[in-house]
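Chains, contacts and geometry: an overview
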Number of protein chains: 2
Amino acid sequence: MKNFQTLLLVLTVFYSCNDKKESTVSADENQHPKLILTKKGVEKIRASLGSVPIFDKTLEKVKKEVDAEIADGIKMPIPKHYSGGYSHDQHKRNMVVLQKAGVLYQILDDEKYAAYVKDMLMQYEAMYKTLPVHPKTRSYARGKLFWQCLNDSNWLVYVSQAYDCVYNYLSEEERNKLEKNLFKPFADFISIGNPQFYQRVHNHSTWGNAAVGMIGLVMDDQELIDRALYGIKDLKLDTTEKDDDGGFLNKDGKAGFLANIEEPFSPDGYYNEGPYYQRYAMYPFLIFAEGLHNVKSELKIFEYKDGVLLKSINALLNLSDADGDFFPLNDGQKGMSYYTSALVTAVDISYHFGDQDPGLLSIAAAQDRVLLDDSGLSVALGIKDGKIAPFNKKSINLSDGPNGKQGGVAILRNEDIELVFKYAAQGSSHGHYDKLSYSLHEKGDEILQDYGLARFVNIEQKGGGNYLKENKTWAKQTIAHNTVTQNETSHFNAKYEIGSQHHSVLNYFSSENENVQVASAKESNAYPGTDMLRTMAVIKDTDFEKPYMLDIMKVTSNKANQYDFPYYFLGQVLKTNFDYNTPKTLNTLGDKNGYQHLYVEGTAKASNDNSKLSWLNKGKFYTLTTLTNNNDELFFTRIGANDPEFNLRREAALMLRRKDTKNTLFVSAIEAHGSYSPVTESAVNSNSNIKELQVVLDTEDYTAVQITNVNDNVKLFITSNTNASKEAKHKIKINNKNYEWSGSYYFE
Amino acid sequence: MKNFQTLLLVLTVFYSCNDKKESTVSADENQHPKLILTKKGVEKIRASLGSVPIFDKTLEKVKKEVDAEIADGIKMPIPKHYSGGYSHDQHKRNMVVLQKAGVLYQILDDEKYAAYVKDMLMQYEAMYKTLPVHPKTRSYARGKLFWQCLNDSNWLVYVSQAYDCVYNYLSEEERNKLEKNLFKPFADFISIGNPQFYQRVHNHSTWGNAAVGMIGLVMDDQELIDRALYGIKDLKLDTTEKDDDGGFLNKDGKAGFLANIEEPFSPDGYYNEGPYYQRYAMYPFLIFAEGLHNVKSELKIFEYKDGVLLKSINALLNLSDADGDFFPLNDGQKGMSYYTSALVTAVDISYHFGDQDPGLLSIAAAQDRVLLDDSGLSVALGIKDGKIAPFNKKSINLSDGPNGKQGGVAILRNEDIELVFKYAAQGSSHGHYDKLSYSLHEKGDEILQDYGLARFVNIEQKGGGNYLKENKTWAKQTIAHNTVTQNETSHFNAKYEIGSQHHSVLNYFSSENENVQVASAKESNAYPGTDMLRTMAVIKDTDFEKPYMLDIMKVTSNKANQYDFPYYFLGQVLKTNFDYNTPKTLNTLGDKNGYQHLYVEGTAKASNDNSKLSWLNKGKFYTLTTLTNNNDELFFTRIGANDPEFNLRREAALMLRRKDTKNTLFVSAIEAHGSYSPVTESAVNSNSNIKELQVVLDTEDYTAVQITNVNDNVKLFITSNTNASKEAKHKIKINNKNYEWSGSYYFE
């Protein structure tokens, strides 16, 4: 720290003369840096150094990191490996270090950083001009530095920034050499050379667009900028081709950065592939937007589509749990959180270019670092000036689809309980076949999990770090999720062509009453001839220690079916109120559609009553109460069958099976209660507080569930199945008692 | 906090007059309080209030807690339930609150606390005098307030302290009533009334002894005090009877508190049942010792057996991992740690009555609370005065047995790696049949686990919170542990009568070289005719990122056997260097001795080489390298078969099976390496650094293992199997090269 302070002192002393020197270089609009750092911004940053703790700390850390890299020397391996392998990791490392070294050159005005950037760029130039396509063949769009164009695009997004920072340090001759042999061919290769990658609406393409656009902005190459914004001119692709993940390459011919904003984001800022992929796409969206804002302010990029880019950041932050981990919708790897560097970008940009929400400062403070640019400086100053406030996540309903008309995702929150209810569209190629599924969380821990991804991202030992086959055979299948599977087949027969044409439809969302948060949605296409209407509530009742979940799944079909309804609880079984048998040897529940991955660990015949399961996880107790009849079967299942490489986690579920049934109701409550500490060894409130769940009315228009607690206090929840608007007035009679209310539901 | 400060102010004002009032009550030695609090100590505490942060904070918290209880009113249910049930938990709560209220009365001099203690004691008196034996019948020694005398004893240990605190507040008549109808009969019931519980060497009895002794000290009843110290006079029990856990009730007729210090503690302070039970026993040992020190200082209890009580605290703290969790030797529930209140007692008493080790202050600071007595004040003052220093845990060898002649437990530590090697005696009735087993830890996380207990302590839903049958059928069996099982039978045939007669024997322990920590021990009785000599090392080699474990298990037998050698790794399989098959249906590995609880998830034929398994756990990579030959079989197993109530965790192992072999060597290395973060999604150093393990010499006297790393750097480890003293000189030839060294092992 001492050294750093000395450095700041030195900087301050040399600041004015240095400033003069640079200001003689160029006075026109095309001066550098201009892309992410700006001439004016750099001046302001230099003047603030030493007085903005979180910025200073980040700078010090980055300096240490880059100094170590410089000391270590440049490594330029010939491209050879998949993700997680040496050459892959090294070039990934190089791009990040280049960007950082560029920034350090600007902020610290120390030529050693510029020289380092120049040296490495020249080595890339030397290698790239004769570089063949990457030897690994798995991708639908192979890169040159990396096995896929996606990673090449990542590289150019970072390296454009580095080039911008050292632009004026380089001679014109050097710039020409780099642009002619490296940047221009690089941009052309990932776009014109790989239209199946570049010319579509997909997070991969967003990276491609940003890469081409950012180098275009630095090089002042309008052709590249236009190609970035609008796609490759006059190119039409075969709209029936598919990529590695089973997604259409370009179904409707749209392409370019603006189309990539237009299509995947709903007006609420929900990104159709889910938060994990939004996080990944966020960086190119925002960093290119920042560049466009700085260089092409006339585009008003942050106002595009009613300001959706900034809205999307708010949506993304709301799609995280109490620990900041993103809810694992679709193919999301668990553990990804708003601590990732892309979210530092998002939070800083949102604060700076948005309306300076003080809640964002608390997330920035938790992230404990900022961007080393104008936006990061804004955040650092905001924190320094004590503007910080908590970021309050509330219940929120996020529409899906470009116009917000393709279902959505609802988050119900009350105290520490968070319920994530998905009634969205397919979610592009990363979507799962899990209409109306949900996951339930308590203070950052999963109560009922959504399995998410079968992939170990960047762990080479596991299928090169890529999607494992169990992602298709298990994680994408309906039975892997907390929703209904009919006749042991997945929604839409797990066919992307069909699934991507449909979406669920909101019945209603209500969060006005802080004690009763409800979301209700309908799915009519997953199984033709079958309608599923699911109403999920998180209810805070003073008779209960914590808010509980109420779940009413109403299934209506034109024929008799078998319905499987799993609960993917995490933790150790404590108690059931039903007898079950455990088999001597473990067999699978079925042989396809994900069933082949489930062992049956226990079987039971249910009774005409409530079936209950209590479990313990991470020192907390949970109880499921679900209505069953005496034809129902119950299964304890465990994931992991037909998993020859141990790619799946051995986790459990209780599954309710109802056979030979046309119309039916699944009604469940899940309570979180009490706690257990292995240190005090005391078990607090370890028993369920629900004595009985009972359906007291079920018609086309209404379903009414009565909840009786152990002290015989009775509550009634009535949901409107059809006419559910806020304004609708209802009057019904249940057991000779009249109920009258207006709005979507009744609870008392 | 404000209110509390006001309170302190008031206290200070009233302090002198109050002091005078009390000092007129009695001037003789028998004044109260005298047991844990002392008259003089209370004066000092009162004078310090407001200036000793950790003490003040604890006091404030205790006051808040007790005030809430007082506001809530006294609850005195008729005894009815097992642990975890209402009446059990309420009486447990009452005893703690009584003790705290008594202390508050003394420290704060507020009569409301004394009145509360008196009221509750009188209610106990009213109930107890006609109370029958507890209705639950499971215990070998049923209590009255609780289902077992053990809990009744807990109660009296706490309540004696409360009684002492209000002794002078009560009239003589009130005292007589309580002593005659409650305390004396209570003490008699748990001792004379239940000699099978009281009259033995066991942690249960220690509680009984302390209970009887502490109330004896308060009542100044020499008969009770003697009964506590020396056992019930002239009583001899049947020495062949057993308790619930299969332990002998009183094999050698010893009894009383002094015998309970004498027998279970080794001279190094290791407690024969392991740290989990030592922690439980610690409180009565120390709190009664504190009472004896205060009232019967002539006994010099803290100097008894060369000061073993204080030594045992140091041993116990060293038997915890980086998070303070105790290593799960024997029937230990995982997660119990030095944050438990018994360890607050232990740390404070050790500091105060020992030599004021500043390292203890850092543990006290982490515990964030102190005893509200003289010892707690000492600690609070020590922290306040800045005497705090880190408690450095090092490699340590703890002998077992009353004279330190019954094997022991060695902890090898280097950087974040901790290896717990058990070569001890049986461990009383809580012991497992796991001679020469070990567990391996990194910074508080288990790398290879020891399963420990099949019990959910105090969780009523799981077998009343008591031992589950899987504790005997699984957790105690040899195959549940990281050691050799011969011919699918457990050590000593899992017979306590045999196991408790034997112990392993130290070959050598060496921790002088900070880079090479080694423990070596021999077991000759687990399987008659078979000797097992295991040498375990934790080696820091600069060629490796982290210290690695080297394990040499040398088996010598008079006949051919099958040897099973499991590795209970935790986490997800990443990679093996051998091909394995996974079965369609899961069957058990065997049908008895714990094998019935293991499913076979994969099978392989090993090759004449090194077999390797890499896995990922909690963001860290691990690799096992083990020597195999082409007759060896490898099994992936998973715990959980024949577990009809889901009492066992579904955790994995790799097991090496060697058939039809007399003498053999198992040689393994386990490396911890690298890291993976789901936030950065980058995998660092995810591959093993060991190219080959090779046995280059194996004779009766020496075993030499050569470790070649991926850069072909070669190291040699030679262990002395017979003549292993520090002074011994060795000279041997391996592959025509001479090696000469003195000491137990060679490494270079």
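Residues numbered from 1 in each chain as written. Chains lettered and ligands numbered in written order. Predicted model: local features only at pLDDT ≥ 70, side-chain atom pairs only at ≥ 80, totals over all residues. Heavy atoms only, no water.

- An unreviewed UniProt entry annotates chain A as Alginate lyase family protein of Polaribacter pectinis.
- Quoted verbatim from the Subcellular location (unreviewed entry) heading of the UniProt record, the comment on chain A is "Periplasm". (UniProt positions renumbered as here; feature names shortened; annotations may be inferred.)

Thoughts on helix H15 (residues 358-367) of chain B
Residues and elements named next belong to chain B.
- Turning to H15, its buried residues number three or more, namely Gly359, Leu360, Leu361, Ile363, Ala364 and Gln367.
- Elements that come into contact with the buried residues of H15 comprise helix H3 (53-72), helix H13 (304-318), helix H14 (341-353) and helix H16 (374-384).
- The opening residue of H15, the one whose side-chain oxygen lies 2.7 Å from the backbone nitrogen of Gly359, is Asp357.
- Residue Asp368 follows H15 closely and has a positive phi angle near 65°. (Buried < 20%, exposed > 50% of the residue type's maximum accessible area, 1.4 Å probe, protein only. Helix = DSSP H or I, 4+ residues; strand = E, 2+ residues; numbered from the N terminus. Contact = heavy atoms within 4.5 Å. Polar contact = N/O pair within 3.5 Å; in protein donor to acceptor, adjacent residues only side chain to side chain.)

A few points about the interface of chain B and chain A
- On the side of chain A, 49 residues touch chain B, which itself brings 50 residues to the contact.
- Carbon and sulfur atoms supply 50% of the area buried between chain B and chain A, which totals about 4,200 Å² over both sides.
- Area buried by chain B at its contact with chain A is led by Gln461, Phe646 and Glu681 of chain B, which between them contribute 18% of it.
- Inspection of the chain B/chain A interface yields two salt bridges.
- Measuring nitrogen to oxygen at the nearest pair gives 3.3 Å for the salt bridge that ties Glu601 of chain B to Arg650 of chain A.
- Where chain B meets chain A, there are 29 residue pairs in polar contact (both at pLDDT 80 or more).
- No other element matches the four residues that strand S12 (residues 572-576) of chain B contributes to the side of chain B that touches chain A.
- Counted by class, the side of chain B that touches chain A contains 22 nonpolar, 15 polar and 13 charged residues. (Buried area = accessible area lost by both parts, 1.4 Å probe. Salt bridge = Lys/Arg side-chain N within 4 Å of Asp/Glu carboxyl O. Nonpolar A, V, L, I, M, F, W, Y, C, P; charged D, E, K, R; others polar.)

A short note on the environment of Val573 of chain A
- Locating Val573 of chain A in the fold gives a position in strand S12 (residues 572-576).
- Residue classification places Val573 of chain A among the buried residues on the basis of a relative accessible area of 6%.
- Contact partners of Val573 of chain A, with chain neighbours within four places excluded, come to Leu613, Ser614, Trp615 and Phe636 of chain A together with Lys462, Glu645 and Phe646 of chain B.

Things to note about the sheet that holds strand S21 (residues 690-698) of chain A
All names here are of chain A.
- If you walk across this open sheet you meet the four strands as S21-S22-S23-S26, and the pairing is antiparallel. Across the chains shown, the open sheet's two edge strands, defined by having one partner strand only, are S21 and strand S26 (745-747). When strand polarity is set aside, the average angle formed by the axes of neighbouring strands in this sheet is 15°.
- The pairing of S21 with strand S22 (residues 702-709) spans seven bridges and is antiparallel. Looking at S22, one finds that Asp698 is bridged to Thr703. (Pairing = 2+ DSSP bridges. Axes fitted to C-alpha atoms, helices over the stretch in contact; angles between N-to-C directions.)

A look at the sheet that holds strand S17 (residues 652-661) of chain A
All names here are of chain A.
- The strand order S6-S11-S17-S16-S13 describes an open sheet built from five strands, whose pairing is antiparallel. On the outer flanks of this sheet lie strand S6 (485-486) and strand S13 (598-605), each paired with one strand and no other.
- In terms of strand pairing, strand S16 (residues 633-639) meets S17 through six bridges, oriented antiparallel. For Thr637, the partnering residue across the bridge sits in S17 and is Ala653.

Let's talk about the pairing of strand S8 (residues 516-523) of chain B
All names here are of chain B.
- With respect to burial, S8 is a largely interior element, seven of its eight residues being buried.
- The sheet contact formed by strand S7 (residues 505-510) and S8 spans five bridges and is antiparallel. What sits directly across from Val505, in S8, is Lys522.
- Counted between consecutive antiparallel strands, the loop separating S7 from S8 contains five residues.
- Across eight bridges, the pairing between S8 and strand S9 (residues 530-539) is antiparallel. Bridging from a neighbouring strand, Val518 pairs with Ala537 of S9.
- The hairpin turn running from S8 into S9, its antiparallel successor, is six residues long, and Gly529 in that turn takes a positive phi close to 95°.

Focus: the relation of the copies chain B and chain A
- With an axial shift of 0.1 Å and an RMSD of 0.1 Å, the rotation relating chain B to chain A amounts to 180°. With respect to symmetry, the two chain copies, as superposed, fit the operation of a two-fold axis. Of the C-alpha atoms belonging to chain B, the one lying closest to the rotation axis is found on Leu586 of chain B, 2.4 Å away.
- Here 98% of the contact residues of chain B are again contact residues in chain A; the copies associate through an equivalent surface. (Least-squares fit on C-alpha atoms with pLDDT ≥ 70 in both.)

What about the packing of helix H14 (residues 341-353) of chain A against helix H16 (residues 374-384) of chain A?
Residue and element names in this part refer to chain A.
- With their axes 8 Å apart at the nearest point, H14 and H16 run at an angle of 80° to one another. Accordingly, the angle class assigned to the pair H14 and H16 is roughly perpendicular. From H14, Asp348, Ile349, Tyr351, His352 and Phe353 reach across to H16, where they touch Asp374, Ser375, Gly376, Ser378, Val379 and Gly382. (Parallel < 35°, antiparallel > 145°, perpendicular 65-115°, else oblique.)

Considering H13 of chain B
Residue and element names in this part refer to chain B.
- An ideal rise of 1.5 Å per residue puts 21 Å on 15 residues; H13 measures up with 21 Å between its terminal C-alpha atoms.
- At Lys311, H13 shows its maximal kink, close to 40°.
- Burial analysis of H13 places 11 of its 15 residues in the buried class, the great majority of the element.
- All of the buried residues in H13 are Lys305, Gly307, Val308, Leu309, Leu310, Ser312, Ile313, Ala315, Leu316, Leu317 and Asn318.
- Along its buried surface, H13 packs onto helix H11 (257-262), helix H12 (275-295), H14, H15, strand S1 (396-399) and strand S2 (408-414). (Expected span 1.5 Å × (residues − 1). Bend = angle between axes of the 7 residues up to and from the residue.)

Structural notes on the packing of helix H6 (residues 149-166) of chain B against H12 of chain B
Residue and element names in this part refer to chain B.
- Contact geometry for H6 and H12: axes closest at 11 Å, N-to-C directions at 40°. Where H6 crosses over H12, the handedness of that crossing is left-handed. Contacts from Leu150, Asn154, Val157, Tyr158 and Gln161 in H6 reach Tyr280, Tyr283 and Ile287 in H12.
- Taken together, the residues of the contact of H6 with H12 sort by class into six nonpolar, two polar and no charged. (Left-handed = near helix turned anticlockwise from the far one by under 90°.)

Quick look at the environment of Gln517 of chain A
Residue and element names in this part refer to chain A.
- Here Gln517 is to be found in strand S8 (residues 516-523).
- Once the C-alpha coordinates of Gln517 and Arg413 are considered, the two residues, 104 residues apart in sequence, prove to be 7.3 Å apart.
- Those residues within four positions of Gln517 in sequence are excluded, and the remaining contacts are Ser395, Leu412, Arg413, Ser510, Ser511, Met536, Ala537 and Val538.
- Polar contacts involving the side chain of Gln517 include one to the side chain of Ser395, which spans 2.4 Å.

A short note on the pairing of strand S10 (residues 548-557) of chain A
Residues and elements named next belong to chain A.
- When you tally the buried positions in S10, you get nine out of 10 residues, the bulk of the element.
- Both strand S9 (residues 530-539) and S10 contribute to a ladder of 10 bridges, which runs antiparallel. Looking at the pairing, Leu533 lines up with Lys554 of S10.
- Pairing analysis gives eight bridges linking S10 to strand S18 (residues 664-673), with the strands arranged antiparallel. Bridge pairing in S18 links Leu550 to Ala669.

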